[in-house]
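So you can see what is in the structure, the chains are spelled out below.
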Amino acid sequence: MSHDYCSICLNFTIVKFTIDNISICQRCINDINKYGKMLRSAQWSIFTIESIINEYKNDIVEFNYEYEITEGRYSLKSMPLLPKEPNMDEVMRLAEVETKNSIGILKGMYWSIFNKEKIFKTQMSVFDNLYHYEIKIYQQNKKDVLLLLEKLKIERDNFIANKSQYIDEKLSSWIESIVNDKDDANSLLFKRIIINNYNSETFTFGIAWIAKLIRAYHLGFITGDGSVLERLLDDERKKVNLAILKRDKHQCQLCGETYQHRGLDVHHIIHLDYCGTHNLNNLITLCVVCHSKQHSHKITNAEKVKKIRRGGVFVVVDIETTGFSNNDEIIEIAAILFENGYAKRKFGGLIYSDRTIPPLVEKITGITNQMLIGRPTMDYVFPRFMRFINNLDIVVHNKSFDERFIKRYADKYGFIIENHFIDTLDLARRKLPHLTSHKLQDLAFYFDIKGINFHRAYDDAITTGKVYLSLINTKKTSLKRK
C-alpha cells in the first residue's frame, strides 16, 4: 500500500489496490460494499446506478434533444428566411433622391421648369441601374439562402435520424466528467435520500458517494442494475484466475508473498454478493492470510483521506538556450497555465536566433539552427509571453537559470517582472533530502511521471508542473542520523 490518488474518490490517500493505473482505497471499498448490502436488502428502497443514468437521460438529454428540434439549433423557426424582392416604389424614391443629388439644386430647379423631360429620362436611367443592381443582389442572396436552407435541412434530418448517437455521446460526456473531476461531479449530481421500508428511517447518499458509485460502475467494479452475478463456471474461472495471477506476477498484492510460502487466490475487491463484477479491474491476487483479513478490514487512521493540494493557478515556464552565459540566447520557450491541478493553456515554441547552436546543446536538446529558420524572433514572442504569464506565480526548475534569462529579456524589451518565482529544485532539496539527485528527470522517475522527452521546453515544463504538484502533496522527509 502507498499514498496515491484513488480512482474512485479522487482523493490523495493510502490506496489498497492498484490495477493497471486504476487505484482504490479501503474506504471506497467499504462504502461500495455498504451500498451493495443496502441494495440487496429488502429493508431499503434504494436506487441503482442505471436508474441515475436513466434519469439524466430522460430529464436532461432527451429534453435537450427535443428542444434542439423545436426551439434550438435544428428548429424550423431558426431557419433563415428568403430575402424579399426589391420594391419598385422604394427604388424609384431612391432614384429621385440620387437624381437630385447628381444634378444639383440650381440645375434641378431650372430643369423642373424648362426641361422636365430631361429630368424624367435621367431619373428613369438611374432607376433602371438601381433596380437592375437590386435584382442582381436579390437573386444572389436568394440562391445563397436556398443553398444554406438545403444544408441546414440535411443537418436537421441527420440530427433527427441519429437520436441514439446524440444521446450516447451526451451520456458518455456526462459520465466522463463525473469520473475525471470532483467539481464537475458536484455540479452534475445531487444527493439521494432513501427510506427504510420498515420504520421510515432515512439515509442520505451525498454527492461524493453518488460520484464514487458512478466511477465504480464506469471502471467495472459493480453492476449498474444492482444484479448479483453468478460465480463463473470452473473452466472459465480457471482461465480468468490464470490471467489475473499472471498479471499480478504470482504475488499477493498486499504482502508480496508468492506460491513458495503461501497459497494464492484470486479475490473480488467488491464482493459478488454486493453487486461486484467479474471485470478484471475487480479481481486481485491475494494470499490466503490477506484474503481472510480483507473481508473484515476496518479503516485505520493511516488510511484516512488526505486533502489534495492542487496549487491554485500558476504558470510553469521552461527555456532552452544556446548556453549558460549572459550573452547566450533563448531558442525555445514554453509556458503552461495550470489551474486546480490541470494544465489548461500553453504558449511558446522555437525562437529564431542567428547565433550558432553549440554541438553540446544540439546534442542535448536535439534543436538545430535549421529548425529555427522561419521561426518568430524574440521581439515578437516576448511581449506575448508577458501577456500570457500576467502576474501569476511562475514555477521553474532551477530558478537561478530561468529567472536570470527571463529578467534579462524583460529589461531589454522594457518590461518589469514582479511575478513570484517558485523553484522545484529548491523545494525538492528541502522536502526530499534523502535523494542523491534532484535533477528534473530523477524527480520524474521518483514520482513515476512517464512519457517525457527531456530537454525540450514544453515537455520539461509539463514535467515541472507535475513534479511541483507532487511536491506540494509530499511531506518533508528527515535524514536519520546513525
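Residue indices follow the written sequence of each chain, beginning from 1 at its first position. Restriction of local features to residues with pLDDT of at least 70 applies here, the model being predicted, together with a cutoff of 80 or more for giving and counting side-chain atom pairs; totals for whole chains, interfaces and linings are based on all residues. Values reported for side chains reflect all heavy atoms of the structure, with hydrogen atoms and water molecules removed beforehand.

Student: Where do I start with the packing of helix α2 (residues 49–70) against helix α6 (residues 163–180) in this structure?
Tutor: Helix-helix packing: each pair is described by the crossing angle between the helix axes and the interaxial distance. Angles here are taken between N-to-C directions and fall from 0 to 180 degrees, while the axes themselves are lines fitted to C-alpha atoms, restricted in helices to the stretch in contact. Elements are defined by DSSP. Helices are runs of H or I of four residues or more, strands are runs of E of two residues or more, and each kind is numbered from the N terminus. Where α2 contacts α6, the axes come no closer than 10 Å and their chain directions differ by 130 degrees. When the interaxial angle is binned, α2 and α6 end up oblique. With respect to the hand of their crossing, α2 and α6 are arranged in right-handed fashion. Contact residues: α2 offers Ile-52, Ile-53, Tyr-56, Lys-57, Val-61, Glu-62, Asn-64, Tyr-65, Glu-66 and Glu-68, while α6 offers Lys-163, Tyr-166, Ile-167, Lys-170, Leu-171, Trp-174 and Ile-175. Comment on the angle field: the value is read as roughly parallel under 35 degrees, roughly antiparallel over 145, roughly perpendicular from 65 to 115, and oblique elsewhere. For a crossing to be left-handed, the near helix must be turned anticlockwise from the far one by less than a right angle; the clockwise case is right-handed. A contact between two residues is defined here by any heavy atoms of the two lying within 4.5 Å.

Student: Sorry if this is basic, but what is going on with the pattern of salt bridges here?
Tutor: Definition used for salt bridges: Asp or Glu carboxyl oxygen within 4 Å of a side-chain nitrogen of Lys or Arg. Inspection of the entire model under this criterion finds 10 salt bridges. For Glu-332, the salt bridge identified is with Arg-456, shortest N-O distance 2.9 Å. Here the residue Glu-332 occupies a position in strand β10 (residues 330–339), and Arg-456 occupies one in the loop between α16 (440–446) and α17 (457–472), the gap between them amounting to 124 residues. You can call Glu-332 buried: its relative accessible area is 7%. Only protein chains enter the calculation, and the probe is 1.4 Å; a residue is then buried if its accessible area is under 20% of its type maximum, exposed if over 50%, and partly exposed in between. Judged by relative accessible area, which is 19%, Arg-456 ranks as buried. A salt bridge links Arg-430 to Asp-426; its shortest N-O distance comes to 3.1 Å.

Student: How should the layout of surface pockets be read in this particular structure?
Tutor: Gaps between atoms show up when a probe of the same size as a water molecule is rolled over them. Roughly 620 Å³ of internal volume is contained in the second largest pocket. Glu-320, Phe-324, Phe-401, His-455 and Asp-460 are, among the 23 residues lining the second largest pocket, the residues nearest its centre. Looking at the lining of the second largest pocket, the elements that each hand over two or more residues are β9 (313–321), α11 (359–365), α14 (399–412), α15 (424–431), α16 and α17. With 4 residues, β9 is the single largest residue contributor to the lining of the second largest pocket. Amino acid classes used here: Ala, Val, Leu, Ile, Met, Phe, Trp, Tyr, Cys and Pro are nonpolar; Asp, Glu, Lys and Arg are charged; the rest, including Gly, are polar. Looking at the lining of the second largest pocket residue by residue, the classes come out as 8 nonpolar, 9 polar and 6 charged. Residues are called lining when one of their atoms sits within 4 Å of a cavity or pocket point, these points coming from a 1 Å grid over the protein atoms alone, where a cavity is a set in which a 1.4 Å probe fits but cannot get out and a pocket is an open set with protein on both sides within 12 Å along at least five of seven lines. Grid points are joined across faces, edges and corners, and a volume is the space filled by probe spheres set on the points.

Student: In this structure, what is going on with the sheet that holds strand β4 (residues 44–45)? I would like to understand it.
Tutor: Backbone-to-backbone hydrogen bonds pair the strands of a sheet. The strands run either parallel or antiparallel. Read across the sheet, 3 strands follow the order β4-β5-β6 without closing on themselves; strand pairing throughout is antiparallel. Only two strands of the sheet have a single partner each, and these edge strands are β4 and β6 (202–205). Sheet strands touched by helix α1 (residues 26–40): β4, β5 (192–196) and β6. Its angle to β6, the strand with the most contacts, is close to 140 degrees. At least two bridges found by DSSP between two strands are what make those strands a pair.

Student: Help me understand the pairing of strand β2 (residues 12–19), please; the structure alone is not making it clear to me.
Tutor: Side-chain direction in a regular strand flips from residue to residue, so the side chains alternate between the two faces of the sheet. Of all 8 residues making up β2, 7 are buried, and the element is well covered by its neighbours. In terms of strand pairing, β2 meets strand β3 (residues 22–25) through 4 bridges, oriented antiparallel. By the bridge assignment for β3, Ile-19 is matched with Ile-22. The hairpin turn running from β2 into β3, its antiparallel successor, is 2 residues long, and Asp-20 in that turn takes a positive phi close to 50 degrees.

Student: Before we go on, may I ask you to explain the packing of aromatic side chains in this structure?
Tutor: Aromatic ring pairs are described here by two measures, namely the spacing of the ring centres and the angle between the planes. Aromatic pairing here means that ring centres of Phe, Tyr or Trp (its six-membered ring) are within 6.5 Å. Orientation follows from the plane angle: under 30 degrees is stacked, over 60 is edge-to-face, and everything else is tilted. By the definition in use, this model includes 25 aromatic pairs. On the basis of an interplanar angle of 45 degrees and a centroid distance of 5.6 Å, the ring pair of Tyr-65 and Tyr-166 is categorised as tilted. Highlighted residues: Tyr-65 in helix α2 and Tyr-166 in helix α6, separated in sequence by 101 residues. Since its relative accessible area comes to 3%, Tyr-65 is described here as buried. Overall, Tyr-166 belongs to the buried group, its relative accessible area being 13%. By definition here, charges over rings are those cases where NZ of Lys or CZ of Arg is within 6 Å of the ring centre and within 35 degrees of the ring normal. One residue, Lys-346, lies across the ring of Tyr-458, its end atom 4.8 Å from the ring centre.

Student: Sorry if this is basic, but what is going on with the environment of Asp-423 here?
Tutor: Note on placement: Asp-423 falls in strand β13 (residues 421–423). On the basis of relative accessible area, Asp-423 is assigned to the buried category, the value being 14%. Sequence separation between Asp-423 and Tyr-468 is 45 residues; the distance between their C-alpha atoms is 8.7 Å. Discounting residues that sit within four places of it in the chain, Asp-423 has contacts with Val-396, His-397, Asn-398 and Lys-399. Polar contacts, as used here, are pairs of N or O atoms within 3.5 Å; protein pairs need one atom able to donate a hydrogen and one able to accept it. Residues neighboring in sequence count only if both atoms are side-chain atoms. There is a polar contact of 2.8 Å between the side chain of Asp-423 and the backbone nitrogen of Asn-398. A distance of 3.0 Å separates a polar side-chain atom of Asp-423 from the backbone nitrogen of Leu-425.

Student: Would you take a moment to explain helix α8 (residues 207–218) for this structure?
Tutor: One turn of the α-helix equals 3.6 residues, which is why residues spaced by three or four share an orientation. End to end, α8 covers 16 Å across 12 residues, agreeing with the expected 16 Å (1.5 Å per residue, within 8%). What α8 keeps buried is the set Trp-209, Ile-210, Ala-211, Lys-212, Leu-213, Ile-214, Arg-215 and Ala-216. Along its buried surface, α8 packs onto α1, α2, α6, α7 (182–188), β5 and β6. Of the residues flanking the end of α8, it is Gly-220, one or two places downstream, whose phi is positive at about 90 degrees. Each helix should span, by expectation, one fewer than its residue count multiplied by 1.5 Å.

Keep in mind these numbers describe shape, not what the thing actually does.
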